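So the chains spell out like this:
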Amino acid sequence: MFHQADLFEPSRIAPAALRPPVRVTLPDLVERISTVSRRPRYALLVLKLIAQEADGNGSVGPYVRGEQGRVPVRDWLCQALAPLAQRDCRRRAMIETVRAGLETAAGQGADPRDIEQRLEAEVQSRILRSGRSNVSRVVSDLVRAGLLHRHYQGYRVDHPNRGAQREAVYTITLEVKRALQRH
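Residues numbered from 1 in each chain as written. Predicted model: local features only at pLDDT ≥ 70, side-chain atom pairs only at ≥ 80, totals over all residues. Heavy atoms only, no water.

### A few points about the pattern of salt bridges
Counted by the stated rule, this structure contains 3 salt bridges. In this structure, Asp 75 engages Arg 132 in a salt bridge whose closest nitrogen and oxygen atoms are separated by 2.4 Å. A residue pair is termed long-range when its members are at least 10 positions apart, and Asp 75 in helix α3 (residues 73–81) and Arg 132 in helix α5 (residues 112–144) qualify at 57 residues. (Salt bridge = Lys/Arg side-chain N within 4 Å of Asp/Glu carboxyl O. Helix = DSSP H or I, 4+ residues; strand = E, 2+ residues; numbered from the N terminus.)

Take a look at the structure:
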């Protein structure tokens, strides 16, 4: 007679402590990210930046020390990633659109230095706004891949939902920490 063992018999299940830890490598991370993200290179870069800045617990945020003092972690990531789009044709088109709008609003007798200062401020504001949404989108992909945990911390208490003066805190998993360790 044929006997098929039950897969859920107690003798077949190894306790978690007895199972060898699974070693995740960088190519494994890339594969997991590419299954959930439309921008896997950008997502890997964001994950690497978060891992480099993370404390001993693997957490970064809600604020990071930047050039201008303490800044929210999403703004810090935006500033770190802004040079990637310097030569992007969309960035140049946005600059020209803002410049045309400022010159039209200022009129003929406007000071060119004043227009350039206002142009720089408006461009930085738009870059920060779009960068924050890009970072949030990528972090959502990393959370879906199981490589990152996100919660919000702020004014009164830690909370799983944003709002009410709360800022994001990102925590990498132990497997990501091991895979992205500096050599």
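Still more to cover.
### Some thoughts on helix α2 (residues 40–53)
Each α-helix winds once per 3.6 residues, and so residues spaced three or four apart point in a common direction. Taking 1.5 Å of rise per residue, the 14 residues of α2 would be expected to cover 20 Å, and the 20 Å separating its terminal C-alpha atoms lies within 8% of that figure. Inspection of α2 places Tyr 42, Ala 43, Val 46, Leu 47, Leu 49, Ile 50 and Ala 51 among the buried residues, and these make up the whole buried set. (Expected span 1.5 Å × (residues − 1). Buried < 20%, exposed > 50% of the residue type's maximum accessible area, 1.4 Å probe, protein only.)

### Structural notes on the nonpolar core
In globular proteins that are soluble, nonpolar side chains generally tend to be buried together. In terms of nonpolar packing, the biggest core is built from 33 residues, with Val 46, Leu 47, Leu 142 and Tyr 170 touching the most fellow members. Elements supplying a minimum of two residues to this core: α1 (26–36), α2, α3, α5, β4 (148–154), β5 (166–172) and α6 (174–179). Aside from chain neighbours lying at most four places away, what touches Val 46 is Leu 77, Leu 81, Val 138, Val 139 and Leu 142. Membership of the second largest hydrophobic core comes to 8 residues, among which are Met 94, Leu 102, Ile 115 and Val 123. (Core = buried A, V, L, I, M, F, W, Y, C linked by side-chain atoms within 4.5 Å. Contact = heavy atoms within 4.5 Å.)

### Topic: the pairing of β5
With 7 of 7 residues buried, β5 is to be regarded as a mostly interior element. Across 2 bridges, the pairing between strand β1 (residues 59–60) and β5 is antiparallel. Following the sheet pairing, Val 60 is matched in β5 by Tyr 170. (Pairing = 2+ DSSP bridges.)

### A few points about the confidence of the model for the chain
With 76% of its residues at a pLDDT of 70 or more, the chain has an overall mean of 77. At the level of individual helices and strands, the chain shows its lowest average pLDDT in helix α4 (residues 89–106), which scores 77, and its highest in α2, which scores 91. (pLDDT = per-residue confidence, 0-100.)

### Brief notes about the packing of α3 against α5
At a closest axis distance of 9 Å, the pairing of α3 and α5 adopts a crossing angle of 105°. Put simply, α3 runs roughly perpendicular to α5. Contacts between α3 and α5 pair Arg 74, Asp 75, Leu 77, Cys 78 and Leu 81 from the former with Leu 128, Gly 131, Arg 132, Val 135 and Ser 136 from the latter. Among the residues making up the contact of α3 with α5, the classes are represented as 5 nonpolar, 2 polar and 3 charged. (Axes fitted to C-alpha atoms, helices over the stretch in contact; angles between N-to-C directions. Parallel < 35°, antiparallel > 145°, perpendicular 65-115°, else oblique. Nonpolar A, V, L, I, M, F, W, Y, C, P; charged D, E, K, R; others polar.)

### Thoughts on the packing of aromatic side chains
If you walk through the whole model with that rule in mind, you get 0 aromatic pairs. Above the face of the Tyr 42 ring, Arg 39 is positioned so that its terminal group lies 4.3 Å from the ring centre. (Phe/Tyr/Trp six-rings, centres within 6.5 Å; stacked < 30°, edge-to-face > 60°. Lys NZ or Arg CZ within 6 Å of the ring centre and 35° of its normal.)

### What to know about the side chain of Ser 136
With respect to the helices, strands and loops of the structure, Ser 136 is situated in helix α5. Apart from residues no more than four positions distant in its own chain, Ser 136 is found in contact with Arg 74 and Arg 150.

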